[in-house]
Amino acid sequence: MDTMNEVACSVGATNTPSTSSSCDNEATFAAVTLAGVQNLLARHAILLRGLADGCGAAETPVTGAACDSRCARPGNVFFCKGAAFRPAFLTSALEKGAIAYICEETRANELAAVAPSTPALVTSDMRKAMAYVSATSFHRPDHALPMVGITGTKGKSTSAYMLRSIIDAAHGAKTCGIMGSIDTYDGVEDAESTNTTPEAPDLWRHLANARDAHLAAMVMEVSSQALKYDRSLGVDLDVAAFLNIGTDHISPVEHPTFEDYFSSKLRIFSQCKNAVVNLGTSHLDRVLSAAGAASGVNGKAPRLVTVSTAGPDAVECGSCDMVYPDVWATDIKPEGSRLTFVAHGFEGLASIGAAAGANYSSPSDADPSAGTNGSATNGIISSAAAKAGNTEQAASTDPAEWSLPVTINFPGLFNVENALAAIACAELLGIEREHIAAGLAACRVPGRMELIGKPNAQVLCVVDYAHNTLSYQSFFASMAKEFPGRRIVALIGAPGGKAYERRSELPREAARWASHIVATEEDPAHDSNEDICREMDDNVPVGATLADGTPVTHEYVLDRQEAVARCLDVALSYGEPALVCLLGKGDETLIHRGDRFERMVPDGDAFRAAATERGIEL
């Protein structure tokens, strides 16, 4: 989820007292002043107009930054940004203690009239200004705790939650912060998210909270929008995970082309020390090439670690002769409401010191015959080294192999890929494997693969956030394998104002698997809900049939809760085992209509209510 609307992260948030006062930490930081902020913008060549001569505010201390007046605090610099910005927002921020503002040239005169005595800076690039100034004014909290960023077309939230659960298992409950599409927790604020990756001032505030609350680590989903529009610019990641790439978010307000989307995703490698790559991704050759060519943190190419669900065997990869995984899975077994598998890997990943932010030799600095973990039998095998027969070093440096039985207590075969990514990140962070196994077993992801109903019931329900073509493909293929013999009833939807390709691609993909499809409301924003639903219903292929010849039926129901009940009724009407799949919203409690995020009944609760009304015991 990545809305284009500004919503204060702290609104409705649960405030959790930190373990110590932030003042204890901030006392050691060098002071940031308005003069320093001005110089920072000038160094990056994005300062158009500096502080007025004689304003007397140059040495005023800066304590942070905000772009939402509801988040402004005393000593903050306030950013006047966005098409929806109103001068009243600046007035509100100043009333809350903001000491200066930054704006673009088009707003400079208007805002000077609103706040004539307030120090102002004018920038030529608002997004870069927000990133640079926020990072500096919050004293670079990304350098004070381990940072993990996860990107991909699907699986970001699940991988992030898995890693969070692992870190909590190692360090104690609620010791790991998270920023993502489901919720945001930083040790101080705890709230449902509205953006996958927050705007830069909010992002850096959350990192500062996590630092001051002495959290063990921060795990964040990094969206293509965050990478393209510099929300995450400057965040130094100890580990970045690239899960997969597929077509999504193609629209005039997001990414005009797939190339723009893909290249935005690949930017994550430029800001990490270590890169985890799923060998099951499409366009693998380009992903690995981008990781190898990236400058990374401090100008060093990131250390590469690869994962695979296909066992230890090599994967073909374009310009590379062979690619072997560093972490892989065997013995994958779906067991109804859970999955089991055995994870394997090689000792030594943690020695690179990712968690401590230590320097290390990147693959480009190492012997070209060495793999990603120092072994020529693991990671990317250099074609030149292989042809030269340089295997002596491999024989002498092969690390010991480890194995770890893993249980995931929710279905979805695709979650093995997500788990392997989390395992690789945990290995890089130096977490003991007993904590890795315990964390994965304890992991629950709100709204992800939530199974409702008794195993032998006529109708089971799965609630999931699957919302794009790639996630639909993985989801439905997995459900067909894990719940064979059950007819599928699918609830689908698409958002307004973005990702227009979903309105045609999702019904076509659903029609390959579902006996009945119900299109319904899913964050229409400023578009007509009825138009979206009708368009999706019209895009179910005419005469569609399943592989066994069953005709696909379909309809649209405008009210989402009513649509959930309709899915249950259709499933019951079959009189045979069925699986209701409620997709797109997970356990979300808010729906985007117009300029507002309004309360909604989560899909799982709506299904339970419908079952109760019909006298069905779950």
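Just above sits the structure.
Residues numbered from 1 in each chain as written. Predicted model: local features only at pLDDT ≥ 70, side-chain atom pairs only at ≥ 80, totals over all residues. Heavy atoms only, no water.

Right, let's get into the nonpolar core. If you look at the biggest cluster of nonpolar residues, it comprises 144 residues, and the most contacted ones within it are F269, F341, I423 and F475. In terms of residue count, the dominant contributor to this core is helix 13 (residues 415–428) (10 residues). Not counting residues up to four positions away in its chain, the partners in contact with I423 are V327, F341, A343, W402, V406, I436 and L440. Core analysis: the next-biggest nonpolar cluster, separate from the first, contains 23 residues, I452, C461, V557 and A563 among them. (Core = buried A, V, L, I, M, F, W, Y, C linked by side-chain atoms within 4.5 Å. Buried < 20%, exposed > 50% of the residue type's maximum accessible area, 1.4 Å probe, protein only. Helix = DSSP H or I, 4+ residues; strand = E, 2+ residues; numbered from the N terminus. Contact = heavy atoms within 4.5 Å.)

This model, assessed by the stated rule, comprises 0 disulfides. Its sulfur unpaired, C103 is 6.0 Å from the next cysteine sulfur, which belongs to C80. Exposure remark for C103: the relative accessible area of 1% places this residue in the buried category. You can see C567 has no disulfide; the closest cysteine sulfur is in C461, sitting 8.5 Å from it. In this structure C567 comes out as buried when scored by relative accessible area, which is 0%. (Disulfide = S-S within 2.5 Å.)

A few words on the pairing of strand 20 (residues 401–408). The alternating pattern of strand 20 places W402, L404, V406 and I408 on a buried face and E401, S403, P405 and T407 on a face that is not buried. Summarising the sheet, strand 18 (residues 339–346) and strand 20 pair through 8 bridges and their orientation is antiparallel. Of the residues in strand 20, the one forming a bridge with A343 is L404. (Pairing = 2+ DSSP bridges.)

Attention now goes to the packing of aromatic side chains. Counted by the stated rule, this structure contains 8 aromatic pairs. Each ring, one from W328 and one from F346, has its centre 5.4 Å from the other, and the planes form 55°; the classification is tilted. With a gap of 18 residues between them, W328 in strand 17 (residues 327–334) and F346 in strand 18 connect regions that are remote in the sequence. The exposure class of W328 is buried, given its relative accessible area of 4%. You can call F346 buried: its relative accessible area is 12%. (Phe/Tyr/Trp six-rings, centres within 6.5 Å; stacked < 30°, edge-to-face > 60°.)

Closest axis-to-axis distance for the helix 13/helix 14 (residues 433–442) pair is 10 Å, and the angle between their directions is 145°. Taken as a pair, helix 13 and helix 14 cross one another with a handedness that is right-handed. Where helix 13 abuts helix 14, its residues A419, I423, A426 and E427 lie against R433, I436 and L440. For the contact of helix 13 with helix 14, a count of residues per class yields 5 nonpolar, no polar and 2 charged. (Axes fitted to C-alpha atoms, helices over the stretch in contact; angles between N-to-C directions. Left-handed = near helix turned anticlockwise from the far one by under 90°. Nonpolar A, V, L, I, M, F, W, Y, C, P; charged D, E, K, R; others polar.)

This part takes up the pairing of strand 18. Strand 18 sits mainly inside the fold: 8 of its 8 residues count as buried. Of the two faces of strand 18, the one holding L339, F341, A343 and G345 and the one holding T340, V342, H344 and F346 are both buried throughout. The sheet contact formed by strand 17 and strand 18 spans 6 bridges and is antiparallel. In the sheet register, T330 faces strand 18, and the bridge partner there is V342.

This brings us to the sheet that holds strand 25 (residues 553–556). Spatially, the 6 strands line up as an open sheet ordered 21-22-26-23-24-25, and their pairing is mixed. Both edges of this open sheet fall to strand 21 (450–452) and strand 25, since each of them pairs with a single strand only. The mean inter-strand angle of the sheet, taken between neighbouring strand axes irrespective of direction, is 15°. Note that strand 23 (residues 487–492) and strand 26 (residues 578–583) share 5 bridges and pair parallel. Note on strand 26: the bridge partner recorded for L491 is L582.

A few words on the sheet that holds strand 6 (residues 120–123). The strand order across the open sheet formed by 5 strands is 2-6-5-4-3, and the pairing between neighbours is mixed. For this open sheet the edge positions go to strand 2 (47–49) and strand 3 (64–66), each flanked by a neighbour on one side alone. Averaged over all pairs of adjacent strands, the angle between their axes in this sheet comes to 30°, without regard to strand direction. Both strand 5 (residues 100–104) and strand 6 contribute to a ladder of 4 bridges, which runs parallel. Across the sheet, I102 pairs through a bridge with L121, a residue of strand 6.

Turning our attention to the environment of L145. Structurally, L145 can be placed in the loop between helix 5 (126–137) and strand 7 (147–151). In the structure, L145 is positioned 70 residues away from L215 in sequence and 7.5 Å away in space, judged by C-alpha atoms.

Attention now goes to helix 17 (residues 529–538). Buried residues of helix 17: N529, I532, C533, M536 and D537, and no others. Along the long axis of helix 17, the arc covered by the buried residues comes to 130°, so they all point the same way. Those residues of helix 17 that are buried are in contact with strand 23, helix 16 (502–510), strand 24 (516–519) and strand 25. (Arc of directions from axis to C-beta.)

Quick look at the side chain of T153 now. By the element assignment, T153 lies in the loop between strand 7 and helix 6 (156–171). Within the structure, T153 has its side chain in polar contact with the side chain of Y261 (distance 2.9 Å). Setting aside anything within four residues of it in sequence, one finds T153 in contact with N244, I245, G246, D248, Y261, K265, N468 and L470. (Polar contact = N/O pair within 3.5 Å; in protein donor to acceptor, adjacent residues only side chain to side chain.)

Right, let's get into unusual backbone geometry. One non-glycine residue, D230, lies in the positive phi region at around 65°. Backbone geometry at D331 places phi at a positive 55°, although glycine is not the residue there. As for its position among the elements, D331 is in strand 17.

Turning our attention to the pattern of salt bridges. Summed over the entire model, instances satisfying the criterion amount to 38 salt bridges. Note that E427 and R433 form a salt bridge whose closest N and O atoms lie 2.7 Å from each other. Residue classification places E427 among the buried positions, given a relative accessible area of 4%. Overall, the relative accessible area of 21% leaves R433 in the partly exposed class. Here R593 makes a salt bridge to E521, at a shortest N to O gap of 2.8 Å. Taken as a pair, R593 in strand 27 (residues 590–593) and E521 in the loop between strand 24 and helix 17 lie far apart in primary sequence, 72 residues in all. (Salt bridge = Lys/Arg side-chain N within 4 Å of Asp/Glu carboxyl O.)

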